Amino acid sequence: MSSIRPWILAGCLVALATPTHAQPLETTPSTGASATTVPAPLPSLPRLVALALSYDSGLQSQRLDSQSVAQEVPMAEAGLRPRLDATAAYRYTDADNIYTENPDDYPDEVYDDRVAGKTRDTSWELRMTQPLFSLERWRRVGKARAQMDAATLQVAVAERDLAVKVIETYLEAYQASRKLGLLIAQRESLVLQQRQAQRAYDLGIGDRINLLESQSRLDQAVADQTSAENDLANASSDLERLTGTPLLFDPVLIETPENLSIAPESMPLEGWLALTSDNPQVQLAAERQRVARIDTDVRRASRYPELNLVVGYSDVDSNDALRTSSDLTASVEMNLALYQGGYTTASIRQGELTALAGTASMENESRLAKQEVRKRLRSMQGDLRQIEALQRSVESGSLFLQAAIRGESLGLRDLVDVLDARSSLYDLRIRLVETLCLYLKDRTYLDAAVGRLDTSTLTDVAGILGRVEEGNPPATTAPASG
């Protein structure tokens, strides 16, 4: 294999010295419906990924499996080294042969035990076998090394997938927490709007349609808030499962920046597609195909003879003096399987078909990686356009809210118009946060598809979120329940 580059976030290990999770929001006692809170710092994304890489039991299992497969290399190399065997035996024989049947022909006392037909032997032997030529054993070493490389890549794929899962869950928790903060503030505006509509209806200066509309919007806000609370709880629980650390994402009312400039990707599509060869999944498929090809060569090598040097020493002690001996032998032995009932041919054909399947799998993984690149690039371009449009909408919504507040102070607008403008602005901010998180997810998947998911990716994601969080004054939020 040309290169093995396991997905290792070395920079994440440095981040382990930083705090584990965000601090709780500081709240000041309040008798009203809201409390002033200080936005908590976001949990360190590189640290969370580092924790997950060291905590996840599934990944630990993959690493242990990889270490287990690596032992195939010394096991295969052992087949090329000398083998030393020792045997010891005790044998009792009650024979019926030419000696026992013709005792008169052997009157010498040397033959007494042999003529009796009963012998007791004790023996031991040392036998050393050194392969001189074995094509099959040589190729097994190459196969074992290819299997070890494939196991290493399997760990790299598992690390990449785990990192992607942590980043995705982190973004879901961030999105839910910020969305929840905006929904809480929006609900306060809608509560005031509903009260104003009810008061106008009770005074006879409002109609029932406006009252029902305000109540419907308030009910929808409550439902959205409940959904966001569930999403936040689920994402926080998933992060704790992945990292083994309880994390806290408090609902925060953020002021989305009016100019969050994100540069589009400058590399052309062809350049991104060329990088898919570095995709760990593609590399793993290629390595598995190589293992299958080498395995086929191993099967073919079984048709070649094996040549071994055998050196042995044996010692036999018997009550039959003619059987007592000490022998030192040296021989060169050749072994060739001539016929095994068609097993060798079928085995070779099986290996060839497995190699063809590996080739098809490698091509499929390459196509999937390229399709992922195309899809993510298209999504990122659309996300950026939406972000730009939503930023303009937020800016226009802010100006409209300021105009409504000004109009109310001059008697040209009423409080309902102000509350409605503020609620609409919250909707725009929620959409902006959702679109931004979607863009960051697409960007993460793009880097994963081309094998570029590393510490710099985590830093970029955290940096963009930090820019969103910058400059947010203490936020006013309502309790999350009720």
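The coordinates are above.
The structure reproduced in this document is the subject of the present report. (Residues numbered from 1 in each chain as written. Predicted model: local features only at pLDDT ≥ 70, side-chain atom pairs only at ≥ 80, totals over all residues. Heavy atoms only, no water.)

Here's the deal with the overall build of the protein
What counts is decided by this rule: Counting from the N terminus, the helices are DSSP H or I runs at least four residues long and the strands are E runs at least two residues long. When a residue's accessible area, from a 1.4 Å probe over protein chains only, is under 20% of the maximum for its type it is buried; when over 50% it is exposed; and in between it is partly exposed. The Shrake-Rupley method, run with a 1.4 Å probe sphere, supplies the accessible areas, and residue values consider only the shown protein chains as cover.
Of the regular secondary structure elements, the protein holds 13 helices and six strands. The buried share among the 482 residues of the protein stands at 40%. Carbon together with sulfur atoms contributes 52% to the accessible area of the protein, which is approximately 25,800 Å² in total.

Things to note about the pairing of strand E3 (residues 118–133)
Operational definition: Here the rule is simple: two strands pair whenever DSSP picks up at least two bridges between them.
Where strand E2 (residues 83–94) meets E3, 12 bridges bridge the pair, whose relative direction is antiparallel. Its bridge partner lying in E3, Arg 83 is registered against Thr 129. In terms of strand pairing, E3 meets strand E4 (residues 306–318) through 12 bridges, oriented antiparallel. Within the sheet, the bridge partner assigned to Leu 126 lies in E4 and is Tyr 313.

Notes on the sheet that holds strand E5 (residues 325–335)
As a reminder of what qualifies: An axis is simply a line fitted to the C-alpha atoms; with a helix, the fit covers only the stretch in contact. Between two such axes, the angle follows the N-to-C directions and lies from 0 to 180 degrees.
Ordered by their spatial adjacency, four strands build an open sheet running E2-E3-E4-E5, and the pairing between neighbours is antiparallel. Of all strands in the sheet, those with a lone pairing partner are E2 and E5, marking the two edges. On average, each strand axis in the sheet is inclined to that of its neighbour by 20°, with strand direction left out of account.

Things to note about the side chain of Ser 314
Quick reminder of the rule: In this description, contact between two residues means that some pair of their heavy atoms is separated by no more than 4.5 Å.
Of note, Ser 314 is situated in strand E4. Of the residues examined, Ser 314 reaches a relative accessible area of 17% and is grouped as buried. Residues in contact with Ser 314, not counting those within four places in the same chain, are Trp 124, Glu 125, Ser 325, Ser 326 and Asp 327.

As for the environment of Val 418
In this structure, Val 418 sits in helix H12 (residues 415–449). For Val 418, a relative accessible area of 3% puts it in the buried group. Discounting residues that sit within four places of it in the chain, Val 418 has contacts with Leu 401, Ala 404, Ile 405 and Glu 408.

A few points about the packing of aromatic side chains
We apply this condition: The pairing test for Phe, Tyr and Trp rings, Trp by its six-membered ring, is centres within 6.5 Å, and the orientation test on the planes gives stacked under 30 degrees, edge-to-face over 60, and tilted for anything in between. A ring has a charge above it when a Lys NZ or an Arg CZ is no more than 6 Å from the ring centre and no more than 35 degrees off the ring normal.
For the structure shown, the criterion picks out two aromatic pairs. Centre to centre, the rings of Trp 124 and Tyr 313 are 5.4 Å apart; their planes meet at 50°, and the pair counts as tilted. Of this pair, Trp 124 sits in strand E3 while Tyr 313 sits in strand E4, and the two are 189 residues apart along the sequence. For Tyr 313, a relative accessible area of 29% gives the class partly exposed. Measuring from centroid to centroid gives 5.6 Å for Tyr 170 and Phe 249, while their planes differ by 80°, and the two rings are edge-to-face. Residue Tyr 170 is found in helix H7 (residues 135–203), and its partner Phe 249 is found in the loop between helix H8 (208–243) and helix H9 (269–274); the two are separated by 79 residues along the sequence. Each member of the pair, Tyr 170 as well as Phe 249, carries the same accessibility label: buried. Here the basic side chain of Arg 376 rests over the ring of Tyr 445, its NZ or CZ set 4.3 Å away from the ring centre.

Some points on a nonpolar patch on the surface
Threshold: Within the patch definition used here, like charges are joined within 9 Å and nonpolar side chains (Val, Leu, Ile, Met, Phe, Trp, Tyr) within 5 Å, considering only residues with over 30% relative accessible area and no salt bridge. Here, a salt bridge means any Lys or Arg side-chain nitrogen found within 4 Å of an Asp or Glu carboxyl oxygen.
Together, Leu 132, Phe 133, Tyr 304, Leu 307, Val 332, Met 334, Leu 336, Leu 338 and Tyr 339 line one region of the surface with nonpolar side chains, adding up to about 1,000 Å² of accessible area. Taken together, the elements giving at least two residues each to the nonpolar patch come down to E3 and E5. The exposure class of Leu 336 is partly exposed, given its relative accessible area of 35%.

Some remarks on the packing of helix H10 (residues 280–301) against helix H11 (residues 343–409)
Selection rule: Between 65 and 115 degrees an angle is taken as roughly perpendicular, under 35 as roughly parallel, over 145 as roughly antiparallel, and anywhere else as oblique. A clockwise turn of the near helix away from the far one marks a right-handed crossing, whereas an anticlockwise turn of less than a right angle marks a left-handed crossing. When residues are grouped by polarity, Ala, Val, Leu, Ile, Met, Phe, Trp, Tyr, Cys and Pro land in nonpolar, Asp, Glu, Lys and Arg in charged, and all others, Gly among them, in polar.
At a minimum axis distance of 8 Å, the contact between H10 and H11 shows a crossing angle of 170°. Between H10 and H11, the angle is such that the two are roughly antiparallel. The crossing of H10 and H11 is left-handed. Class assignment for the residues of the contact of H10 with H11 results in eight nonpolar, 12 polar and five charged.

Quick notes on the nonpolar core
Our working rule: For this analysis, a nonpolar core means a set of buried residues of the types Ala, Val, Leu, Ile, Met, Phe, Trp, Tyr and Cys, connected via side-chain atoms within 4.5 Å.
One finds Val 49, Val 166, Tyr 174, Phe 249, Ile 262, Val 373 and Tyr 439 to be the most contacted residues of the largest nonpolar core, which totals 69 residues. For this core, the secondary structure elements donating two or more residues are helix H2 (45–55), H7, H8, H9, H11, H12 and helix H13 (455–469). Here this core takes 17 residues from H7, the largest share from any one element. Once residues within four sequence positions are removed from consideration, Phe 249 is found in contact with Leu 42, Pro 43, Tyr 170, Ala 173, Tyr 174, Ser 177, Leu 232, Ser 236 and Leu 239. Counting residues in hydrophobic clusters, the runner-up holds eight residues, among them Ala 146, Ala 150, Val 157 and Val 298.

Quick look at the pattern of salt bridges
A full pass over the atoms with the stated rule returns 25 salt bridges. Taking the shortest distance from any N to any O, the salt bridge between Arg 145 and Glu 77 comes out at 2.9 Å. Here Glu 77 lies in helix H4 (residues 72–78) and Arg 145 lies in helix H7, a separation of 68 residues in the sequence. Measuring nitrogen to oxygen at the nearest pair gives 3.8 Å for the salt bridge that ties Lys 441 to Glu 172. A residue pair is termed long-range when its members are at least 10 positions apart, and Lys 441 in helix H12 and Glu 172 in helix H7 qualify at 269 residues.

So, a negative patch on the surface
This is how it is decided: By the counting rule applied here, Lys and Arg register as positive and Asp and Glu as negative, while His and the ends of each chain are not counted. Charge positions come from single atoms, namely NZ of Lys, CZ of Arg, CG of Asp or CD of Glu.
On the surface, Asp 108, Glu 109, Asp 112 and Asp 113 cluster together into a patch of negative charge. The residue Asp 112 is located in helix H6 (residues 112–116) in this model.

Details of helix H3 (residues 57–70)
Our working rule: The span one expects for a helix is its residue count, reduced by one, times 1.5 Å. This arc is taken over the directions from the axis of the helix to the C-beta atoms. Polar contacts here mean pairs of N or O atoms no more than 3.5 Å apart (in protein, one a potential hydrogen donor and the other a potential acceptor; neighbouring residues in sequence count only if both atoms are side-chain atoms).
Its 14 residues place the ends of H3 20 Å apart at the C-alpha level, agreeing with the 20 Å of an ideal helix rising 1.5 Å per residue. All of the buried residues along H3 are Leu 59, Ser 66 and Ala 70. In a view along the axis of H3, the buried residues occupy a sector of 40°, so they form one face of it. Of the residues in H3, the exposed ones pointing more than 90 degrees away from the buried face are Ser 57 and Leu 64. Where H3 begins, one side-chain oxygen reaches toward the backbone nitrogen of Gly 58, 3.2 Å away; that side chain belongs to Asp 56.

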